[in-house]
Amino acid sequence: RKEIARRFDAIVEFAELEQFIDNQVKYYSSGMYVRLGFAVAVNTDPDVLLVDEVLAVGDERFQQKCLDRVAEFQAQGKTIVVVSHSPDMMRQICDEILVIDRGELVVQAPPGEAIRIFRDRLIDAGLAAPEPETADGALRDHIAVAHHRQVTIGDVEIAYPGSQERPYLSTGDPLTVTVG
């Protein structure tokens, strides 16, 4: 309690709840409650931080603030356990991912491999998951394809217009990959 009292202002500032801090917590929305909980957790200097879906709360700016704080903990060598159903977020922040299904460990692997296995299991179960956004920002519906169907890649063309004078790309250079 003493530590929280000492860090009270930093907690309230991180949670961005200054105008509501005098209200009773029972009147907070679930998002406000989670913001406050995360702010307390990251302002008490834990050796191990355990968070459950908290990075999905709030607007994009608040989420980035949470990710920045997680990165600070990582840089300090602290242990962070994040429970999430957001594979793209996990790819961004995790060095290692555990995929757990109904309480059983399926795999413990680097992000790319673990996320592939996670998504394969969703397809096997026939569950629909949203596809990434299209170029115009609209979400496409995921079409579940039987997992046992094979895909044959017959042709791959790679083009990077404007970069033919050098054998590499720089960040931001356009790249077109056509798969047949």
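Residues numbered from 1 in each chain as written. Predicted model: local features only at pLDDT ≥ 70, side-chain atom pairs only at ≥ 80, totals over all residues. Heavy atoms only, no water.

Colleague: Teacher, can you tell me more about the overall build of the protein chain here?
Modeller: Secondary structure summary: the protein chain contains 6 helices and 6 strands in total. Seen in sequence order, the protein chain has helices and strands lined up from the N terminus as α-α-α-β-α-β-α-β-β-α-β-β. The 180 residues of the protein chain split such that 22% are buried. Pairs at least 24 residues apart make up 40% of the contacts formed inside the protein chain by residues separated by at least 6 positions. (Helix = DSSP H or I, 4+ residues; strand = E, 2+ residues; numbered from the N terminus. Buried < 20%, exposed > 50% of the residue type's maximum accessible area, 1.4 Å probe, protein only. Contact = heavy atoms within 4.5 Å.)

Colleague: When you look at the nonpolar core in this model, what are you seeing that I'm missing?
Modeller: Soluble globular proteins: nonpolar side chains tend toward being buried together. Of all hydrophobic cores here, the largest spans 16 residues; its most connected members are Phe14, Leu17, Leu36, Phe38 and Val42. Residue assignment for this core shows that the elements contributing at least two residues are helix H2 (8-15), helix H3 (30-42), strand E1 (48-52) and helix H4 (60-75). Looking at this core element by element, the count peaks at 5 residues for H3. Counting 12 residues, the second largest nonpolar core, distinct from the first, contains Met89, Ile93, Ile97 and Val99. (Core = buried A, V, L, I, M, F, W, Y, C linked by side-chain atoms within 4.5 Å.)

Colleague: Before we go on, may I ask you to explain the packing of aromatic side chains in this structure?
Modeller: As enumerated under the stated definition, the model contains 2 aromatic pairs in all. Where Phe14 meets Phe38, the ring centres are 5.9 Å apart and the plane angle is 40°; that geometry is what we call tilted. Separated by 24 residues along the polypeptide, Phe14 in helix H2 and Phe38 in helix H3 bring together distant segments of the chain. Relative accessible area serves as the criterion here: at 6%, Phe14 is assigned to the buried category. For Phe38, a relative accessible area of 2% gives the class buried. Judged by centre distance (5.9 Å) and plane angle (65°), the rings of Phe14 and Phe62 are edge-to-face. You can see Phe14 sitting in helix H2 and its partner Phe62 sitting in helix H4, a full 48 residues away along the chain. Summarising the burial analysis for this pair, Phe14 and Phe62 share the class buried. Three or more aromatic residues link up through ring pairs in this structure, and these residues are Phe14, Phe38 and Phe62. Directly above the aromatic system of Phe14 lies the positively charged group of Lys65, at a separation of 4.9 Å from the ring centroid. (Phe/Tyr/Trp six-rings, centres within 6.5 Å; stacked < 30°, edge-to-face > 60°. Lys NZ or Arg CZ within 6 Å of the ring centre and 35° of its normal.)

Colleague: What is the right way to look at H3 in this model?
Modeller: The periodicity of an α-helix, 3.6 residues per turn, causes residues three or four places apart in sequence to face the same way. In this model H3 runs 18 Å from its N-terminal to its C-terminal C-alpha over 13 residues, within 8% of the 18 Å that 1.5 Å per residue would give. For H3, the elements touching its buried residues are H2, E1 and H4. (Expected span 1.5 Å × (residues − 1).)

Colleague: Would you mind going over the packing of H2 against H3 with me for this structure?
Modeller: One way to put it is that H2 packs onto H3 with a least axis distance of 8 Å and a crossing angle of 135°. Overall, the two elements H2 and H3 adopt an arrangement that is oblique. Considering only the axes of H2 and H3, their crossing is right-handed. Residues Ile11, Phe14 and Ala15 of H2 touch H3, and the partners they reach there are Arg35, Leu36, Phe38, Ala39, Val40 and Val42. Here the contact of H2 with H3 is composed, by residue class, of 8 nonpolar, no polar and 1 charged. (Axes fitted to C-alpha atoms, helices over the stretch in contact; angles between N-to-C directions. Parallel < 35°, antiparallel > 145°, perpendicular 65-115°, else oblique. Left-handed = near helix turned anticlockwise from the far one by under 90°. Nonpolar A, V, L, I, M, F, W, Y, C, P; charged D, E, K, R; others polar.)

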